[in-house]
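# Summary of structural features
Here's the letter readout for the chains.
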Amino acid sequence: MTVSRPNPLRRLGTLAAVAAATSLGVAAPALAQQETKVSIGISGWTGFAPLTLAKEAGIFKKNGLDVTIKKIPQASRHLAIASGDIQCAATTVETWVVWNAAGVATRQLFQLDKSYGADGMVVKGDVARIADLKGKTIAASAPGTAPYFTMAWMLKKNGLSLKDVRVVNMEPNPAAQAFIAGQSGLDAAMTYEPYLSAVREKPEAGRIIATTLDYPMVMDTFGCTPQFISGNEKAVKALADSYFEALEMIKADPGKSNAIMGADVKQSAEAFAKSSSYLRWQDRASNQRFFAGEWQQFTKEAADLLLELGIIRQIPDLNSLADTRFIK
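An account of the accompanying structure is given in this report.

About the cut-offs
- Residues numbered from 1 in each chain as written.
- Predicted model: local features only at pLDDT ≥ 70, side-chain atom pairs only at ≥ 80, totals over all residues.
- Heavy atoms only, no water.
- Disulfide = S-S within 2.5 Å.
- Helix = DSSP H or I, 4+ residues; strand = E, 2+ residues; numbered from the N terminus.
- Pairing = 2+ DSSP bridges.
- Axes fitted to C-alpha atoms, helices over the stretch in contact; angles between N-to-C directions.
- Contact = heavy atoms within 4.5 Å.
- Buried < 20%, exposed > 50% of the residue type's maximum accessible area, 1.4 Å probe, protein only.
- Core = buried A, V, L, I, M, F, W, Y, C linked by side-chain atoms within 4.5 Å.
- Parallel < 35°, antiparallel > 145°, perpendicular 65-115°, else oblique.
- Nonpolar A, V, L, I, M, F, W, Y, C, P; charged D, E, K, R; others polar.

Further remarks concern the state of the cysteines. For the coordinates displayed, the defined rule picks out one disulfide. Two residues share a disulfide in this structure: Cys88 and Cys224, whose sulfurs sit 2.1 Å from each other. In this structure the cystine formed by Cys88 and Cys224 twists about its S-S bond by roughly 100 degrees; its chirality is therefore right-handed. Here Cys88 is found in strand S3 (residues 88-92), whereas its partner Cys224 is found in strand S10 (residues 219-224), with 136 residues between them in sequence.

Here it is as structure tokens:
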């Protein structure tokens, strides 16, 4: 009986064809699944850390995503979107209003976190209440950012406006460090975790006069451009699912999760766990409740304040700023 043996040249030809197909971005049936590439813009804010966990723990990759995470200051994150450098981003709810009002079309897809004391205003010892800041100097990020908006919100709730104070634009980390160092002429600063904890540990430098426990208004969401969403609906669903899977990993293995997330912002697992205790990440059920009413109410109030502050010239179509199909 004659035994038929495989032709080695034919096998090499097949492998070459597969390699060629792969190099051209063509999926090879039953051999590999092409991953969707997506670049995401975030900052070192503790609330965004589950996105980093989803990348570093392989959750994004498992769900068919090739994710690149870029650290971009909030003040210029929309420019990266407009240029096409990133397709998605994480930021506060009111910031999406600012971006869309400026012509950078984006849609929020799911909620990331709510601040429970993770954002705050720190003041020197001679400032007894926020109203005492009239005529004084506050360090805060640029107009259109969360710290700037939080400052304006807190001032307004205490009978002051931005015209009553002098604002020096500084990002949250250098603002906290300058405050701790006792930089001349600085009476207060706006910052957030993990940098706010540095102030907590230096009470001699000043004190935290207010946080989002007193003013619950800092809420972060994740969104992408309409073009990316419409052209990659399966990948968008995978982004949302990956985030919720990362939250499950944090619950199941907090030690490993905190170590991964803390390393990204140069914190130990223990220090990161402490920082994250001042916020609440939002799971799928929380997302569904949030977008059922709370999001609409806050977005309207925030848009009115942004218009009053002159940060936006007109309010965009608020109903078009969220796409909640992917949290179900």
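Read across the sheet, five strands follow the order S7-S6-S8-S5-S9 without closing on themselves; strand pairing throughout is mixed. Edge positions in the sheet fall to strand S7 (166-169) and strand S9 (207-211), since each of these pairs with one other strand and no more. Adjacent strand axes in the sheet meet at a mean angle of 30 degrees, parallel and antiparallel pairs treated alike. As paired strands, strand S6 (residues 137-140) and strand S8 (residues 188-192) are joined by two bridges and run parallel to one another. Bridge assignment links Ile138 to a residue of S8, and that residue is Ala188. Set on the sheet, helix H6 (residues 146-157) makes contact with strand S5 (119-123), S6, S7, S8 and S9; between it and S8 the angle comes to about 125 degrees. Across the sheet, helix H7 (residues 172-180) lies against S5, S6 and S8, angled at about 135 degrees from S8, the strand it touches most.

Glancing now at the side chain of Gln267. The residue Gln267 is located in the loop between helix H11 (254-264) and helix H12 (269-276) in this model. Exposure remark for Gln267: the relative accessible area of 16% places this residue in the buried category. Dropping the residues within four chain positions of it, Gln267 is found in contact with Pro194, Gly262, Phe272 and Ser275.

With that out of the way, let us pick up the nonpolar core. Grouped together as the largest cluster of nonpolar side chains are 94 residues, with contacts concentrated most on Phe110, Met121, Ile130, Leu133, Phe222 and Leu239. Of all the elements, helix H10 (residues 233-252) adds the most residues to this core, at 11 residues. Dropping the residues within four chain positions of it, Leu133 is found in contact with Met121, Val123, Val127, Ile138, Leu160, Asp164, Val165 and Ala188. Counting residues in each nonpolar core, the second largest holds eight residues, with Ile81, Ala89, Trp99 and Val104 among its members.

Time to look at the packing of H6 against helix H13 (residues 284-309). One way to put it is that H6 packs onto H13 with a least axis distance of 11 Å and a crossing angle of 90 degrees. One element, H6, and the other, H13, form an angle in the roughly perpendicular class. Two secondary-structure elements touch here, H6 through Phe149, Ala152, Trp153, Lys156 and Lys157 and H13 through Phe298, Glu301, Ala302, Leu305, Leu306, Glu308 and Leu309. Residues that form the contact of H6 with H13 fall into these classes: eight nonpolar, no polar and four charged.

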